[in-house]
Amino acid sequence: MWRRLAHGVRTVSERLGPNGALILILAFGLILVLVLSVAAAQVYDNITDADGVAGLDRPLLDFVLSLRSPFLDVILTGYTHIAGPVGMPIIAIAAMAILSIHRRSWTPVILIVASGGGSLLMTVVGKQLFGRDRPPLADAVPPYEHSASFPSGHTLNAVTVIGVIAYLLILRQTTFRAKTVTIATAALFAFTTGIDRIYLGHHWATDVLGAWMLGAAWLALVITAHQLYLTARVLHEQQDPDGSRPSPSLVPGAHRTQRRR
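Since the model is a prediction, treat every value here as computed from it, not as a measurement.

So, how was this worked out
- Residues numbered from 1 in each chain as written.
- Predicted model: local features only at pLDDT ≥ 70, side-chain atom pairs only at ≥ 80, totals over all residues.
- Heavy atoms only, no water.
- Helix = DSSP H or I, 4+ residues; strand = E, 2+ residues; numbered from the N terminus.
- Buried < 20%, exposed > 50% of the residue type's maximum accessible area, 1.4 Å probe, protein only.
- Contact = heavy atoms within 4.5 Å.
- Expected span 1.5 Å × (residues − 1).
- Polar contact = N/O pair within 3.5 Å; in protein donor to acceptor, adjacent residues only side chain to side chain.
- Core = buried A, V, L, I, M, F, W, Y, C linked by side-chain atoms within 4.5 Å.
- Arc of directions from axis to C-beta.
- Axes fitted to C-alpha atoms, helices over the stretch in contact; angles between N-to-C directions.
- Parallel < 35°, antiparallel > 145°, perpendicular 65-115°, else oblique.
- Left-handed = near helix turned anticlockwise from the far one by under 90°.
- Nonpolar A, V, L, I, M, F, W, Y, C, P; charged D, E, K, R; others polar.
- Patch = residues over 30% accessible without salt bridge, like charges linked within 9 Å, V, L, I, M, F, W, Y side chains within 5 Å.
- Areas by Shrake-Rupley, 256 points an atom, 1.4 Å probe, with all protein chains shown as cover.
- Salt bridge = Lys/Arg side-chain N within 4 Å of Asp/Glu carboxyl O.

**A few points about the overall build of the chain**
Then, in step 1: Across its full length, the chain holds 9 helices and 0 strands.
Then, in step 2: Listing each helix as α and each strand as β along the chain from the N terminus yields α-α-α-α-α-α-α-α-α.
Then, in step 3: Within the span of the chain, comprising 261 residues, buried residues form 46% of the whole.
Then, in step 4: Taking the intrachain contacts of the chain between residues at least 6 apart in sequence as the baseline, contacts between residues at least 24 apart amount to 79%.

**Brief notes about helix H8 (residues 176-199)**
Then, in step 1: Given a rise of 1.5 Å per residue, 24 residues ought to cover 34 Å, and the 34 Å separating the end C-alpha atoms of H8 matches this to within 8%.
Then, in step 2: Taken together, the buried positions of H8 are Thr-182, Ala-186, Phe-189, Ala-190, Thr-193, Gly-194, Asp-196, Arg-197, Ile-198 and Tyr-199.
Then, in step 3: The first or second residue beyond H8 is Gly-201, which carries a positive phi of 75 degrees.

**Quick notes on the side chain of Asp-207**
Then, in step 1: Structurally, Asp-207 is set in helix H9 (residues 205-238).
Then, in step 2: The exposure class assigned to Asp-207 is buried, which follows from its relative accessible area of 0%.
Then, in step 3: In terms of polar contacts, Asp-207 uses its side chain to reach the side chain of Arg-132, at 2.9 Å.
Then, in step 4: At 2.8 Å, the side chain of Asp-207 forms a polar contact with the backbone nitrogen of Trp-204.

**A word on the nonpolar core**
Then, in step 1: Ile-112, Val-164 and Leu-168 are the most contacted members of the largest nonpolar core, which totals 30 residues.
Then, in step 2: Every element with two or more residues in this core is listed here: helix H5 (87-103), helix H6 (107-130), helix H7 (153-172), H8 and H9.
Then, in step 3: The residues contacting Ile-112, other than those within four sequence positions of it, are Ala-92, Ala-95, Met-96, Leu-99, Val-164, Ile-165 and Leu-168.
Then, in step 4: Counting residues in each nonpolar core, the second largest holds 9 residues, with Val-64, Val-141, Trp-204 and Val-208 among its members.

**Structural notes on H5**
Because the α-helix completes a turn every 3.6 residues, residues three or four places apart line up on one side.
Then, in step 1: Here H5 is 17 residues long and its end C-alpha atoms lie 24 Å apart, about the 24 Å a rise of 1.5 Å per residue gives.
Then, in step 2: Within H5, burial applies to Gly-87, Met-88, Ala-92, Ala-95, Met-96, Leu-99, Ser-100 and Arg-103. Projected down its long axis, H5 carries its buried residues within an arc of 160 degrees, all on one side. Opposite its buried face, H5 presents the exposed residues Ile-90, Ile-93, Ile-98, Ile-101 and His-102, each directed more than 90 degrees away.
Then, in step 3: Among the structural elements, H6, H7 and H8 are those in contact with the buried residues of H5.
Then, in step 4: Backbone geometry just after H5 places Arg-104 at a positive phi near 55 degrees.

**What about the environment of Leu-111?**
Then, in step 1: For Leu-111, the location among the structural elements is in helix H6.
Then, in step 2: Residues Leu-111 and His-226, 115 residues apart in the sequence, show an inter-C-alpha distance of 8.0 Å.

**Let's talk about the packing of H5 against H6**
Angle between the axes and distance between the axes are the two parameters that describe a pair of packed helices.
Then, in step 1: The interhelical angle for the contact between H5 and H6, taken along N-to-C directions, is 155 degrees, at an axis separation of 8 Å. Between H5 and H6, the angle falls in the class roughly antiparallel. Considering only the axes of H5 and H6, their crossing is right-handed. Within the contact between the two elements, H5 uses Ala-92, Ala-95, Met-96, Leu-99, Ser-100 and Arg-103 and H6 uses Pro-108, Val-109, Ile-112 and Val-113.
Then, in step 2: When the residues that make up the contact of H5 with H6 are grouped by side-chain class, the tally is 8 nonpolar, 1 polar and 1 charged.

**Some points on a nonpolar patch on the surface**
Then, in step 1: On the surface, Phe-71, Leu-72 and Ile-75 cluster together into a nonpolar patch covering about 300 Å² of accessible area.
Then, in step 2: Among the structural elements, Ile-75 can be located in helix H4 (residues 70-80).
Then, in step 3: The class for Ile-75 is partly exposed, based on a relative accessible area of 44%.

**A few points about unusual backbone geometry**
Then, in step 1: For the bond running from Pro-142 to Pro-143, omega is 5 degrees, close enough to zero to count as cis.
Then, in step 2: Following the sequence through the fold, Pro-143 ends up in the loop between H6 and H7.
Then, in step 3: A cis amide bond links Phe-150 to the next residue, Pro-151, at an omega of -5 degrees.
Then, in step 4: Structurally, Pro-151 is set in the loop between H6 and H7.
Then, in step 5: Although it is not a glycine, Arg-104 sits at a positive phi angle of roughly 55 degrees.

**So, the pattern of salt bridges**
Then, in step 1: A full pass over the atoms with the stated rule returns 6 salt bridges.
Then, in step 2: Ionic pairing is found between Arg-132 and Asp-57, a salt bridge with its closest N-O pair at 2.7 Å. Residue Arg-132 is located in the loop between H6 and H7, and its partner Asp-57 is located in helix H3 (residues 57-65); the two are separated by 75 residues in the primary sequence. Of the two residues, Arg-132 and Asp-57, both sit in the buried class.
Then, in step 3: The partner of Glu-145 in a salt bridge is Arg-134, and the shortest N-O contact between them spans 3.4 Å.

Written as structure tokens, this is what we have:
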């Protein structure tokens, strides 16, 4: 199945160019994101039932209220801006510039833009579909936010954008320790960003839970699209000059021996 998909991607890349094929795959992925967001709307009614997961929303908010202090409020308000509409674009642009120049490839730009675009799309669609009210302003730490609550856009950004940057770094890292540190750092940032949003009273716990799930799904799709692209490149490079098929010994994952882009 994977080889058939890779052969299909290779055929498309021969017509559109390698980056064109990757963009096409990600475009289909964005459609999937829309479908995923609409499907989440059906599940949302269940998880927000007072007897379901959302039954924890108010108790969890009451718990974090007991933990607040002026010092923590200032620190975590600053921290939340990292994944916000100002901080995250700065991180994304810097990562695109550094990685694309270092690798002499447009792939990092395409993947990071796709990740950020998917996050933005899920945030806009989700808020329009659900229209959920945020926690009361009396329970929130200023500056206050007034858009719909579900899903948490900051958490989505932390999962998708930072996740794909970590993925791009891992592709060039050669030691298990370096890869472990990169994965752990990205996962910790995504987790703490979500917890931070709950602490500040800007989102309910289920807003963050939904963002973690949607973000992980989109990140997995972006990574899968890139792995298909890499496999298609290897199939093309392994093909004999006379146009014959590549060696049957080529299996998914063989691209790991090739230079990553």
